[in-house]
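Structural overview
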Amino acid sequence: MFTKTSVRKSNLMAGKQNHTEEKTFHCLKCKGFFTNVSLIGQQPGQTEPRPYKCSECHQTFITKALLKMDQQTYTGEKPCECSECNKALNQKGELALHHRNNTTENPYTFSERDKTIKEKSDLSSHERIQDGEKPYRCSECNKTFSQNANLRKHRKIHTGEKPYKCSECDKAFNLKSSLSVHQKIHTGEKPYKCSECDKAFSRKGSLRLHHMSHSGETPYKCSECDKGFRTKPQLMQHLKVHTGEKPYKCTECDKTFKQKVALSSHERIHTGEKLYRCSDCNKDFRQKTHLITHQRTHTGEKPYKCSECVKCFITKGKLIIHHRIHTGEKPYKCSECEKYFSRTNDLSIHQKIHTGEKPYKCSQCEKAFITKKDLMKHQRIHTGEKPYKCLVCSKAFNQKGRLLTHLRSHASLLHV
């Protein structure tokens with residue numbers, strides 16, 4: 001299938017000439033030359049026998065070397081060690097690339113833009129991306145890819161294979177990179193720092209998106225309302241506002257969602273799973289955003305400032321609701337009596353007046369209430385709790401309203 005030749009290269013680095021011998025493999029099918037024998041098996045359109053089968057994932061391979069490479073995914077074996085930094089790697093090719101990453105050697109040049117590339121296989125892949133060529137096709141859904149490696153990753157979606165397990169919480173992933181990102185939740189590692197505001201992120205992509213908040217860049221525009229977004233997924237998500245589409249359905253309660261991440265978050269209500277823990281008080285949360293908001297109660301941070309009265313808030317949502325006091329905006333309308341409200345929560349409470357629903361029942365006397373807050377007020381009758389104390393005469397009350405009424409009796413003293 002291939003012939004092996006030897007080619008001598010010379011590289012001039014730091015004023016010294018180093019000679020390294022590089023093995024190349026000549027594929028008799030496509031007449032190409034490759035620095036790694038495994039790359040031959042990645043050529044599109046070849047139908048060689050695949051006699052070597054992995055016992056873990058049942059995928060078949062042309063050569064025993066390719067099978068061994070796949071098995072290292074499951075065993076964790078990394079036999080190739082860097083002599084400079086002792087980093088362990090799966091393959092000799094990866095070790096060679098690692099050495100190049102620690103030098104300035106970029107031996108392959110892309111003719112279109114004179115871009116230098118470390119691996120010959122990377123050059124071929126890069127050229128396919130530039131040409132839009134996608135020769136690797138999924139047999140399940142006909143989706144095409146420019147690289148065989150990306151096709152292999154994609155296939156795991158169909159097989160449900162998740163070989164990479166987190167040692168902390170047993171969550172499994174189909175990609176090693178996804179596991180690495182997830183593990184940073186447990187370690188708290190945030191290696192990517194913003195040069196503008198010193199905010200740190202666990203992923204490089206998150207940092208790139210954050211940079212757009214400083215530049216104001218929103219390259220993805222909605223054709224319906226001209227609203228701009230930083231990413232294409234954000235735009236696609238926004239479009240569902242116009243279409244009303246909610247494609248993600250909970251299998252437990254049939255509730256539907258516009259976003260997959262919203263469904264995942266909702267499902268934790270049924271499972272009770274709380275992945276995110278506060279390092280200050282050990283309180284657990286289902287969503288990372290809830291943890292971030294909670295941590296501001298410890299730090300006292302209120303990053304959202306009202307432009308009208310300079311009042312500050314922990315969340316953007318609370319600022320938006322507060323701002324309606326100044327604008328008088330009441331966007332939520334009752335379908336029964338056409339009364340308007342500034343908050344969805346106020347509308348939901350109001351609608352229970354029409355339905356007669358009183359979901360909060362007292363365990364002492366069976367009296368029922370529309371809101372949990374009203375139930376808590378009522379329960380103070382049974383417990384005798386009086387948390388509202390007069391600062392003038394120390395008299396205590398079970399409701400704030402009663403304290404305010406009482407303070408009128410001290411009006412003459414308070415105005416002195």
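Treat the numbers as computed from the prediction; the structure is a model and nothing was measured.

1. With respect to the overall build of the protein chain
What the protein chain contains, in helices and strands, is 15 helices and 29 strands. Out of the 416 residues belonging to the protein chain, those deemed buried represent 25%. Counting only contacts in the protein chain whose residues sit at least 6 apart along the sequence, the fraction spanning at least 24 positions is 9%.

2. Some remarks on the nonpolar core
Side chains that are nonpolar tend, in soluble globular proteins, to be buried together. Membership of the largest hydrophobic core is limited to five residues, which are L275, Y276, C278, F285 and L291. Once you skip the residues sitting within four places of it in the chain, L291 turns out to touch Y276, R277, C278 and F285.

3. Topic: the pattern of salt bridges
Inspection of every chain in the model, using the stated rule, returns four salt bridges. Between E301 and R296 there is a salt bridge, and its shortest N-O distance comes to 3.8 Å. With a relative accessible area of 40%, E301 lands in the partly exposed category. Under the relative-accessibility criterion, R296 is labelled buried at 14%.

4. Side note on the environment of K162
Mapped onto the elements of the fold, K162 is located in the loop between helix 5 (148-159) and strand 12 (164-165). Each C-alpha atom, one on K162 and one on N174, is 4.0 Å from the other, the two residues being 12 residues apart in sequence. Not counting residues up to four positions away in its chain, the partners in contact with K162 are A172, F173 and N174.

5. Regarding helix 11 (residues 316-327)
Helical periodicity: at 3.6 residues per turn, an α-helix aligns residues three or four positions apart in one direction. Here helix 11 spans 16 Å end to end across 12 residues, near enough to the 16 Å set by a 1.5 Å rise per residue. Buried residues of helix 11: L319, H322 and R324, and no others. Just beyond helix 11, the residue with positive phi is G328, at close to 75°.

6. Some points on the environment of A149
Tracing the backbone through its elements, the reader meets A149 in helix 5. By relative accessible area, which is 27% here, A149 ends up partly exposed. Separated by 13 residues in sequence, A149 and Y136 have C-alpha atoms that sit 9.4 Å apart.

7. Details of helix 7 (residues 204-215)
The end-to-end C-alpha separation of helix 7 is 17 Å, in line with the 16 Å expected for 12 residues at 1.5 Å each. Among all positions in helix 7, only L207, H210 and M212 are buried. In the segment just after helix 7, G216 is the residue with positive phi, at about 75°.

8. A short note on the confidence of the model for the protein chain
Per-residue pLDDT for the protein chain has a mean of 78; in total, 78% of the residues score no lower than 70. For the protein chain, per-element mean pLDDT is lowest for strand 1 (residues 2-13), which scores 34, and highest for strand 29 (residues 396-397), which scores 94. Taken as a whole, residues 1-46 scores under 50 in pLDDT and shows 92 contacts with residues more than four places along the chain or in a different chain. The low-confidence segment residues 104-120, where pLDDT is below 50, has 47 contacts with residues more than four positions distant or belonging to other chains.

9. Side note on the state of the cysteines
A complete count under the given rule lists zero disulfides for this structure. In this structure C197 is not part of a disulfide, and its nearest cysteine sulfur, from C194, lies 3.8 Å away. Distance from the sulfur of C225, which forms no disulfide, to the nearest cysteine sulfur (C222) is 3.7 Å. For C225, a relative accessible area of 38% translates into the label partly exposed.

10. Some remarks on unusual backbone geometry
Positioned with a positive phi, N142 is a non-glycine residue whose angle comes to about 65°. Structurally, N142 is set in the loop between strand 10 (136-137) and strand 11 (144-145). In this structure, D198 takes a positive phi of about 65° despite not being glycine. With respect to the helices, strands and loops of the structure, D198 is situated in the loop between strand 14 (192-193) and strand 15 (200-201).

11. Notes on the side chain of Q237
One can find Q237 in helix 8 (residues 232-243). Looking at Q237, the relative accessible area reads 17%, which means it is buried. Q237 has contacts with K258 and Q259, leaving out every residue within four places of it along the chain.

12. A short note on a positive patch on the surface
A cluster of basic residues, R50, R152, K153 and R155, forms a positive patch at the surface. Position of K153 relative to the elements: it lies in helix 5. Residue K153 is classed as partly exposed on the basis of its relative accessible area, which comes to 41%.

How each quantity is defined
- Residues numbered from 1 in each chain as written.
- Predicted model: local features only at pLDDT ≥ 70, side-chain atom pairs only at ≥ 80, totals over all residues.
- Heavy atoms only, no water.
- Helix = DSSP H or I, 4+ residues; strand = E, 2+ residues; numbered from the N terminus.
- Buried < 20%, exposed > 50% of the residue type's maximum accessible area, 1.4 Å probe, protein only.
- Contact = heavy atoms within 4.5 Å.
- Core = buried A, V, L, I, M, F, W, Y, C linked by side-chain atoms within 4.5 Å.
- Salt bridge = Lys/Arg side-chain N within 4 Å of Asp/Glu carboxyl O.
- Expected span 1.5 Å × (residues − 1).
- pLDDT = per-residue confidence, 0-100.
- Disulfide = S-S within 2.5 Å.
- Patch = residues over 30% accessible without salt bridge, like charges linked within 9 Å, V, L, I, M, F, W, Y side chains within 5 Å.
- Areas by Shrake-Rupley, 256 points an atom, 1.4 Å probe, with all protein chains shown as cover.
- Lys, Arg positive; Asp, Glu negative; His and termini not counted.
- Charge placed at Lys NZ, Arg CZ, Asp CG, Glu CD.

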